[in-house]
Amino acid sequence: MKTIYLAGGCFWGMEKFIDQFEGVSRTEVGYANGPDQAPSYEDVCHDSGHAETVRIDYDESVISLTQLLDYYFMVIDPVSVNQQGHDKGIQYRTGIYYTEEEQLEEIRKVYAREEEKAGQKLAVELEPIRNFFSAEEYHQKYLDKNPGGYCHIPSHFFNMDRDQK
C-alpha cells in the first residue's frame, strides 16, 4: 500500500472524484503543508497557510501513481494560483505532496508532461508532505453526505470508473 497527498482546490470534490477508482483503498480530507499546528476549518479559511488536501492510500498493483496523477490533472487547472473554480485563497492551492523519495521520478515525468501541455510553468506545488491534519468529521465524504453540495469539479467526473466498465 502506498500513500500520496493531493491538493486540488476544495477537498470535498477531490475526495469524491478519487474514491471512485479501483485500487484506491482509503481517502481522508485534511489540511497539509502549513504550520506545524493542527488548524480548524475556520483557521484554514482565514489563511492559516494549510492546503485543503486529500490523503490517498492506494494499491499500486491495481492503480499506479501515474494513473492517479493523470486523473488529478483532469480535474484541476494546473496554472491557476490559489484558486480552483470559484474557490479562492491559499487553502485552495494545488499540490502533489509525496511520502517517499521513490515516488519523485514518476511524479516528475507526469508533471513535465503536464507542463508541456500547458505551455507554461505549473502552479502545482511539488514537495514532500510536511504535515497533515485530519479535517473535521463533517468534511469526510462530504459530497456523499450532501449530494447537492457545491463542488468545482463537474459531476460527470464522479462516474468515470463506472462508465468505463
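In this text, all values refer to a predicted model and were calculated from it rather than measured experimentally. (Residues numbered from 1 in each chain as written. Predicted model: local features only at pLDDT ≥ 70, side-chain atom pairs only at ≥ 80, totals over all residues. Heavy atoms only, no water.)

Chemist: Would you mind going over the packing of aromatic side chains with me for this structure?
Modeler: Applying the stated rule across the entire model yields eight aromatic pairs. With a centroid separation of 6.3 Å and an interplanar angle of 80 degrees, the aromatic rings of phenylalanine 17 and phenylalanine 157 are classed as edge-to-face. Of the two residues, phenylalanine 17 sits in helix 1 (residues 11-19) while phenylalanine 157 sits in the loop between helix 5 (142-145) and helix 6 (160-163), which places them 140 residues apart along the sequence. Classification of phenylalanine 17 as buried rests on a relative accessible area of 0%. Ring pairs connect the aromatic residues Phe17, Phe21, Tyr71 and Phe157, which therefore count as one cluster. Between the NZ or CZ atom of lysine 16 and the centre of the ring of phenylalanine 158, over which it lies, the distance is 5.8 Å. (Phe/Tyr/Trp six-rings, centres within 6.5 Å; stacked < 30°, edge-to-face > 60°. Helix = DSSP H or I, 4+ residues; strand = E, 2+ residues; numbered from the N terminus. Buried < 20%, exposed > 50% of the residue type's maximum accessible area, 1.4 Å probe, protein only. Lys NZ or Arg CZ within 6 Å of the ring centre and 35° of its normal.)

Chemist: Even after reading the chapter, I still don't get the pattern of salt bridges, so can you show me in this structure?
Modeler: Close approach of charged atoms allows side chains with opposite charge to pair. Per the counting criterion, the structure on display carries 14 salt bridges. Residue glutamate 15 is joined to lysine 141 by a salt bridge in which the shortest nitrogen-to-oxygen separation is 3.5 Å. Of this pair, glutamate 15 sits in helix 1 while lysine 141 sits in the loop between strand 8 (132-134) and helix 5; the two residues are 126 residues apart in sequence, bridging distant segments of the chain. Among the salt bridges present, the one from arginine 113 reaches aspartate 70, with a minimum N-O distance of 2.2 Å. Here aspartate 70 lies in helix 3 (residues 65-74) and arginine 113 lies in helix 4 (residues 103-118), a separation of 43 residues in the sequence. Judged by its relative accessible area of 37%, arginine 113 is partly exposed. Linked by salt bridges that have partners in common, Arg26, Glu28, Arg55 and Asp57 make up one network. (Salt bridge = Lys/Arg side-chain N within 4 Å of Asp/Glu carboxyl O.)

Chemist: What should I look at first to understand the state of the cysteines in this one?
Modeler: In a disulfide, the sulfur atoms of two cysteines are held together by a covalent bond. Under the definition given, this model contains zero disulfides. Note on cysteine 10: no disulfide assigned, nearest cysteine sulfur contributed by cysteine 151 at a separation of 6.1 Å. Residue cysteine 10 is classed as buried on the basis of its relative accessible area, which comes to 6%. In this structure cysteine 45 is a free cysteine whose sulfur lies 9.6 Å from that of cysteine 10, the closest cysteine sulfur available. Judged by relative accessible area, cysteine 45 falls into the partly exposed class, the value being 32%. (Disulfide = S-S within 2.5 Å.)

Chemist: I tried to follow the sheet that holds strand 3 (residues 51-58) on my own but got confused; where do I start?
Modeler: Picture the strands of a sheet paired through backbone hydrogen bonds; they go either parallel or antiparallel. Read across the open sheet, the six strands follow the order 7-6-1-3-2-8; overall the sheet is mixed. The sheet is open, and its two edges are formed by strand 7 (125-128) and strand 8, each paired on a single side. Going across the sheet, the axis of each strand differs from the next one's by a mean of 35 degrees, ignoring polarity. The sheet contact formed by strand 2 (residues 24-32) and strand 3 spans eight bridges and is antiparallel. Bridge pairing in strand 3 places glycine 30 opposite threonine 53. Where helix 3 meets the sheet, it contacts strand 1 (2-8), strand 2, strand 3 and strand 6 (94-98), and its direction lies at approximately 10 degrees from that of strand 1. Of the strands in this sheet, strand 1, strand 3, strand 6 and strand 7 are in contact with helix 4, which crosses strand 6 at around 155 degrees. (Pairing = 2+ DSSP bridges. Axes fitted to C-alpha atoms, helices over the stretch in contact; angles between N-to-C directions. Contact = heavy atoms within 4.5 Å.)

Chemist: So what exactly am I meant to see when it comes to unusual backbone geometry here?
Modeler: In most cases, non-glycine residues show a negative phi, while peptide bonds are predominantly trans. At asparagine 33, a residue that is not glycine, the phi angle is positive and equals roughly 50 degrees. Along the polypeptide, asparagine 33 turns up in the loop between strand 2 and helix 2 (41-45). Residue asparagine 33 is classed as buried on the basis of its relative accessible area of 3%. Of note in this structure, lysine 141 is not a glycine but carries a positive phi near 55 degrees.

So, to be careful, I would describe these as geometric facts and stop short of saying anything about function.
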